[in-house]
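Notes for the structure review
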Amino acid sequence: MPARKEEYHHAIQEGVEFHFLQNPVEILGNGEGWVTGLTVQQMQLGEPDASGRRRPLPIAGQTSNVPADVVVVAIGNDPNPLIPAALPGLQVNKHGGIITDEDTMETSVPGVFAGGDIVLGAATVILAMGQGRKAAHAIHAWLTRTTETS
Ligand SMILES: Cc1cc2nc3c(=O)[nH]c(=O)nc-3n(C[C@H](O)[C@H](O)[C@H](O)COP(=O)(O)OP(=O)(O)OC[C@H]3O[C@@H](n4cnc5c(N)ncnc54)[C@H](O)[C@@H]3O)c2cc1C
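Thresholds applied
Residues numbered from 1 in each chain as written. Predicted model: local features only at pLDDT ≥ 70, side-chain atom pairs only at ≥ 80, totals over all residues. Heavy atoms only, no water. Salt bridge = Lys/Arg side-chain N within 4 Å of Asp/Glu carboxyl O. Buried < 20%, exposed > 50% of the residue type's maximum accessible area, 1.4 Å probe, protein only. Near = heavy atom within 4 Å. Polar contact = N/O pair within 3.5 Å; in protein donor to acceptor, adjacent residues only side chain to side chain. Areas by Shrake-Rupley, 256 points an atom, 1.4 Å probe, with all protein chains shown as cover. Nonpolar A, V, L, I, M, F, W, Y, C, P; charged D, E, K, R; others polar.

Applying the stated rule across the entire model yields 2 salt bridges. Note that Arg 4 is salt-bridged to Glu 7, the shortest N-O span being 3.4 Å. The exposure class assigned to Arg 4 is exposed, which follows from its relative accessible area of 53%. With a shortest N-O distance of 3.0 Å, Asp 49 and Arg 55 are connected by a salt bridge. You can call Asp 49 partly exposed: its relative accessible area is 27%.

For the ligand, the full set of nearby residues is Arg 4, Asn 77, Gly 115, Gly 116, Asp 117, Ala 123, Thr 124, Val 125 and Ala 128. Between the ligand and Asp 117 there is a distance of 2.8 Å, counted from an oxygen atom to a side-chain nitrogen or oxygen. The contact in question runs from an oxygen atom of the ligand to an N or O atom on the backbone of Ala 123, over 3.2 Å. When the free accessible area of the ligand is taken as 1,000 Å², the share hidden by the protein chains comes to 32%. Here the shell around the ligand is built from residues that sort into 3 nonpolar, 4 polar and 2 charged.

This is how it looks when you write it as structure tokens:
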């Protein structure tokens, strides 16, 4: 679990129930627009991959339903694909993170800068702030250059 031990401990203290090795595959509804539950697929840990991590694999035919009034999707830190989809020419890596020049944080679209989790993947506030400062200097230089030449 990608969390600190104390975060896990606090979550349990606050009443969170963990259902390990169960992958939600479908949100169930009552046909009138209301959620009634989730279908979950039972998983098992497979052989370690090249990184040593044992990837979860579905156990064929083993699903079950979990009743629910509300379903909140709060999984992972994947970048929203909306921005690259709306900005032609914006280069992203295989995880959907925006590719930037590491010195200036400028993207493949001239005059567009990015930093933080959207560039680094799930990282930290300190790194995001550092990239923000770097980008701020570069944006200032870019605007100064652009103003001088126009
Ligand atoms: C549960 C959890 C615990 C964490 N704990 C820590 C910790 O203890 N210490 C630590 O250093 N880091 C922690 N982090 C990581 C930290 O939160 C991030 O690294 C940091 O917030 C990244 O900053 P950011 O500015 O890049 O992105 P964000 O903080 O995610 O900010 C991006 C902003 O852009 C907005 N946005 C998104 N799409 C659009 C759009 N299309 N138009 C306009 N606005 C948009 C979002 O609403 C958001 O406000 C944690 C993260 C999580 C999820």
